[in-house]
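What follows is the residue order along each chain.
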Amino acid sequence: MEKFYSTLFARQQAANDMPSNVRIWEWARDVFRLMFPERNSKKLLTVEAVKATFTILENELYDLLLNSKDCIGCDHREIVQRFFENLPHIYHLMLEDAQAMLDGDPAANNLSEVIRTYPGFLAICMYRMAHQLWLDRVPLFPRILTEYAHERTGIDIHPGATIGRHFHIDHGTGLVIGETAVIGDHVKLYQGVTLGALSVDKVLAGQRRHPIIEDHVIIYAGATILGGNTRIGHHSVIGGNVWITSSVPPDTTVFHKPQIQFIHSKVDR
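Conventions we followed
Residues numbered from 1 in each chain as written. Predicted model: local features only at pLDDT ≥ 70, side-chain atom pairs only at ≥ 80, totals over all residues. Heavy atoms only, no water. Disulfide = S-S within 2.5 Å. Buried < 20%, exposed > 50% of the residue type's maximum accessible area, 1.4 Å probe, protein only. Axes fitted to C-alpha atoms, helices over the stretch in contact; angles between N-to-C directions. Helix = DSSP H or I, 4+ residues; strand = E, 2+ residues; numbered from the N terminus. Parallel < 35°, antiparallel > 145°, perpendicular 65-115°, else oblique. Left-handed = near helix turned anticlockwise from the far one by under 90°. Contact = heavy atoms within 4.5 Å. Nonpolar A, V, L, I, M, F, W, Y, C, P; charged D, E, K, R; others polar. Salt bridge = Lys/Arg side-chain N within 4 Å of Asp/Glu carboxyl O.

Let's talk about the state of the cysteines
Scanning the model with the defined rule gives one disulfide in all. Sulfur-sulfur distance for the disulfide between C71 and C74 comes to 1.9 Å. When the S-S torsion is -115°, as for the bridge of C71 with C74, the disulfide is left-handed. C71 sits in the buried class, given a relative accessible area of 1%.

Pasting the structure below:
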């Protein structure tokens, strides 16, 4: 047992090499809540209060990076500056995503409802913040943020994926978007869609393994699209429960033709 205790102690020491997952996602959650007060019980009453809160969050990100030994070679100031300089653009993309969900869902009554309640909106917002950190090669932080969203929503988006404007996730539970997936503008994905790899062999790390989805594509529930050479052409519709491993031309509808039988089962009463 002494050896076991020593092993666990060594792991305890190693775990302290960076801030806890909780601290990292709480920082991102606070940034998200500042941009979308619908998600925050605390309301800021002046522009000065907004500026002051942003300064606090900038300093907190710097502190998180500074205390991460995995990021010891990072330019901490540059990462913080670039993240917050890009935040207005990221915010604009998030608003477009919210509008896409409002426009595309008959059950949505207004933008506030989408922002406040839709799991797809939370997942895409966490992805967009994580993706900025991913572009700056910040270790672990991006995955922590998207896995927090995954845990909360059931939507698994790798921070390395490239996702365009006006992105609509409908329901979203069980949705998977892989690291090298590329999604264009005005794309709509339903629950259970997988944009995955044909192979998970480790030698493929760093190569394109996931599909490209062009603009104005709709992919319905349960569809599985695999492979780095697979491209779904613009304005295509992919039906539910299909399995696709080769490219689809633009303006194409793909559907699964089930063989369903109905058996008369009424009994005498």
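Regarding the packing of helix 4 (residues 76–104) against helix 6 (residues 119–135)
Interaxial distance between helix 4 and helix 6 falls to 9 Å at its minimum, and their mutual angle equals 155°. Between helix 4 and helix 6, the angle is such that the two are roughly antiparallel. Here helix 4 and helix 6 pass one another in a crossing that is right-handed. Each of I79, R82, F83, N86, I90, L93, M94, D97, A98 and M101 in helix 4 lies in contact with helix 6, whose residues at this interface are G120, F121, I124, C125, R128, M129, Q132 and L133. Its residues assigned to classes, the contact of helix 4 with helix 6 shows twelve nonpolar, three polar and three charged.

Quick notes on the packing of helix 2 (residues 21–35) against helix 3 (residues 47–66)
Relative orientation and spacing of two packed helices are given, respectively, by the angle between their axes and the distance between those axes. Running from amino to carboxyl end, helix 2 crosses helix 3 at an angle of 160°, the nearest separation of the two axes being 11 Å. Comparing their axes, helix 3 and helix 2 come out roughly antiparallel. Our pair here, helix 2 against helix 3, has a crossing hand that is left-handed. The residues of helix 3 that touch helix 2, namely those facing R23, I24, W27, D30, V31 and L34, are V50, T53, F54, L57, E60, L61, D63 and L64.

Remarks on the pattern of salt bridges
Applying the stated rule across the entire model yields nine salt bridges. E96 is the partner of R165 in a salt bridge, and the nearest nitrogen-oxygen pair spans 2.8 Å. Taken as a pair, R165 in the loop between strand 2 (162–163) and strand 3 (168–169) and E96 in helix 4 lie far apart in primary sequence, 69 residues in all. Classification of R165 as partly exposed rests on a relative accessible area of 36%. Across the pair D97 and R128 runs a salt bridge whose closest N-O atoms are separated by 2.7 Å. Here the residue D97 occupies a position in helix 4, and R128 occupies one in helix 6, the gap between them amounting to 31 residues. Pair check on accessibility: D97 and R128 agree, each one buried. Counted as one network, the salt bridges with shared partners bring together E78, R82 and D136.

Some remarks on unusual backbone geometry
At L140, a residue that is not glycine, the phi angle is positive and equals roughly 65°. Checked against the element boundaries, L140 lands in the loop between helix 6 and helix 7 (141–153). The class of L140 is partly exposed, set by a relative accessible area of 42%. One non-glycine residue with positive phi stands out, namely H216, at about 55°. The topology assignment puts H216 in the loop between strand 8 (212–213) and strand 9 (218–219).

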